[in-house]
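As a plain string of letters, each chain reads:
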Amino acid sequence: MLSRRTHIIRIFNLHHICILMCPLFLLFSCHRTPKEEKLTLLFTGDVLLDRGIRPLIERYGIRELFKGVEQEFRRADAVIINLECPLTRRITPLNKQFIFRAEPEWAKGLRQTGITHASLANNHTNDQGRQGLSDTYRALRTSGIIPLGYGCTTEEQLTPAIIRKGRIEVAVFSAVFIPLENWTHLEGQPGVCQPSIERLSEHIRQYRTVHPSTRIVACLHWGAEHQTSPHMQQRYCTHRLLEAGADAIIGHHPHVVQPLEYIGKRPVFYSLGNFVFDQSHPLTQRSLMAVLQFSSTEIKVESIPIEIQQCKPQICRK
């Protein structure tokens, strides 16, 4: 049996060991490498909430449309869709071939799936006129979704959305580069960003000069429908925007997937294809989600293949 004196000495020695070890523990813990900050953005192609999709929403709700991809949405810091229809109760259609309209209250369901931003710079958010477009902007903002490429002045339409996480900052520009049927740009009236390539390039160049550490993504509605390769104008615009300072380009409108290319180390998704859509041709039922993960030193790119089944996107597990 240990004497009381021996027991006290052991406790005393243990106490001193703890005192000696504490500074060493603090020293090593202070020199741990901090976890690198990363900002993840997920982009999708065209989201239609009318025509063949409308009955699905009325029966099952908005979230059912995104059930197959919602888990991926939750992994991203921001999810940017191309909204291919106005959200308005107005029935004031433009004179054009295809005219869509969705209910403004559906914006809340979009937000609940994890969608954070919606590009309005396309050829369908204006289907119900300027007031219908304005209604769309308000419905999104009220639901907590940030609209891209919208404004009542050219300067507002060219203003990027800023997405931040810690010290990482990404500016997302949104523009449409195809003609809009029976639509004229009117300064001071609701409209979408439809600049010349020269104007958008110059705007990006100026933004890069003022914000040299901010990453820049150009989200573009462009190209020829149902063509699986980008045309020469897309390639020309790509080089102009990259030369101006864009770090990545995300495209949509053709309804089919066009290739991912790297120019230098900068990714160009020429077309992500459809996402929530009711077209029946096999090529229009294939899609991509583009995931860009930004750190202080690089951009990591992931392309997630999607198959559209009964109008709803499903991740291809093959």
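Placed above this text is the structure.
Keep in mind that what you see is a predicted model, and the values were worked out from it rather than measured.

Asks: Help me understand the packing of aromatic side chains in this model?
Replies: To describe a pair of aromatic rings, one takes the distance between the centres and the angle between the planes. All chains considered together, the criterion is met by six aromatic pairs. Measuring from centroid to centroid gives 4.5 Å for Tyr137 and Tyr150, while their planes differ by 20°, and the two rings are stacked. Here the residue Tyr137 occupies a position in helix 6 (residues 129-143), and Tyr150 occupies one in strand 5 (residues 150-151), the gap between them amounting to 13 residues. Where Trp222 meets Tyr270, the ring centres are 6.1 Å apart and the plane angle is 20°; that geometry is what we call stacked. Of this pair, Trp222 sits in the loop between strand 9 (215-221) and helix 9 (232-244) while Tyr270 sits in strand 12 (residues 266-272); the two residues are 48 residues apart in sequence, bridging distant segments of the chain. Accessibility expressed as a relative area gives 1% for Trp222, which makes it buried. Taken together, the ring pairs connect Phe66, Phe73 and Phe275 into an aromatic cluster. The ring of Trp183 has Arg130 sitting right over it, with the charged end atom 4.1 Å from the ring centre.

Asks: How should the pairing of strand 7 (residues 168-176) be read in this particular structure?
Replies: The two faces of a sheet get side chains in turn, since along a regular strand they alternate between them. Burial within strand 7 is extensive, with nine of its nine residues counted as buried. Taken together, the five bridges between strand 6 (residues 161-165) and strand 7 define a ladder with antiparallel strand orientation. Residue Ile162 lies in a different strand from strand 7, and its bridge partner there is Ala171. Taking the residues between adjacent antiparallel strands as the criterion, strand 6 and strand 7 are bridged by two residues, where Gly166 takes a positive phi near 60°. Bridge count for strand 7 against strand 9 is seven bridges, and the pairing is parallel. Across the sheet, the residue bridging to Val176 is His221, located in strand 9.

Asks: Help me understand the sheet that holds strand 7, please; the structure alone is not making it clear to me.
Replies: Each strand in a sheet pairs with its neighbour through backbone hydrogen bonds, running either in the same direction (parallel) or in the opposite one (antiparallel). One open sheet accounts for six strands, arranged 6-7-9-10-12-11; its pairing is mixed. Two strands in the sheet have a free side with no partner beyond their single neighbour: strand 6 and strand 11 (257-263). If you compare each strand with its neighbour and ignore which way they point, the axes differ by 15° on average. In this fold helix 8 (residues 197-210) packs onto strand 6, strand 7 and strand 9, with an angle of close to 170° to the strand it touches most, strand 7.

Asks: Teacher, can you tell me more about the pattern of salt bridges here?
Replies: Close approach of charged atoms allows side chains of opposite charge to pair. Tallied over the entire structure, the rule returns 20 salt bridges. Of the charged contacts, one joins Glu70 and Arg74 as a salt bridge, the two residues approaching to 2.8 Å between their closest N and O atoms. Pair noted here: Glu70 and Arg74 are both in helix 4 (residues 70-75), with a separation of four residues, about one helical turn. On the accessibility criterion, Glu70 (14% relative accessible area) is buried. Residue Arg74 is classed as partly exposed on the basis of its relative accessible area of 48%. Here Lys96 ties to Asp127 by a salt bridge, and the two come within 2.5 Å at their closest N and O atoms. Of the two residues, Lys96 sits in the loop between strand 2 (78-83) and helix 5 (106-112) while Asp127 sits in the loop between strand 3 (117-119) and helix 6, which places them 31 residues apart along the sequence. For Asp127, a relative accessible area of 0% translates into the label buried. Members of the salt-bridge network, linked through shared partners, are Asp50, Arg54, Glu58, Arg101 and Glu103.

Asks: Mind showing me how you'd approach the packing of helix 8 against helix 9 here?
Replies: Packed helix pairs are characterised by how far apart their axes lie and by the angle those axes make with each other. At a closest axis distance of 8 Å, the pairing of helix 8 and helix 9 adopts a crossing angle of 20°. When the axis of helix 8 is compared with that of helix 9, the two are roughly parallel. Every pair of crossing elements has a handedness; the one defined by helix 8 and helix 9 is right-handed. Residues Ile197, Glu198, Leu200, Ser201, Ile204, Arg205 and Arg208 of helix 8 form the contact with helix 9, whose own contacting residues are Tyr236, Cys237, Arg240, Leu241, Glu243 and Ala244. For the contact of helix 8 with helix 9, the residue count by class is seven nonpolar, one polar and five charged.

Conventions used here
Residues numbered from 1 in each chain as written. Predicted model: local features only at pLDDT ≥ 70, side-chain atom pairs only at ≥ 80, totals over all residues. Heavy atoms only, no water. Phe/Tyr/Trp six-rings, centres within 6.5 Å; stacked < 30°, edge-to-face > 60°. Helix = DSSP H or I, 4+ residues; strand = E, 2+ residues; numbered from the N terminus. Buried < 20%, exposed > 50% of the residue type's maximum accessible area, 1.4 Å probe, protein only. Lys NZ or Arg CZ within 6 Å of the ring centre and 35° of its normal. Pairing = 2+ DSSP bridges. Axes fitted to C-alpha atoms, helices over the stretch in contact; angles between N-to-C directions. Contact = heavy atoms within 4.5 Å. Salt bridge = Lys/Arg side-chain N within 4 Å of Asp/Glu carboxyl O. Parallel < 35°, antiparallel > 145°, perpendicular 65-115°, else oblique. Left-handed = near helix turned anticlockwise from the far one by under 90°. Nonpolar A, V, L, I, M, F, W, Y, C, P; charged D, E, K, R; others polar.

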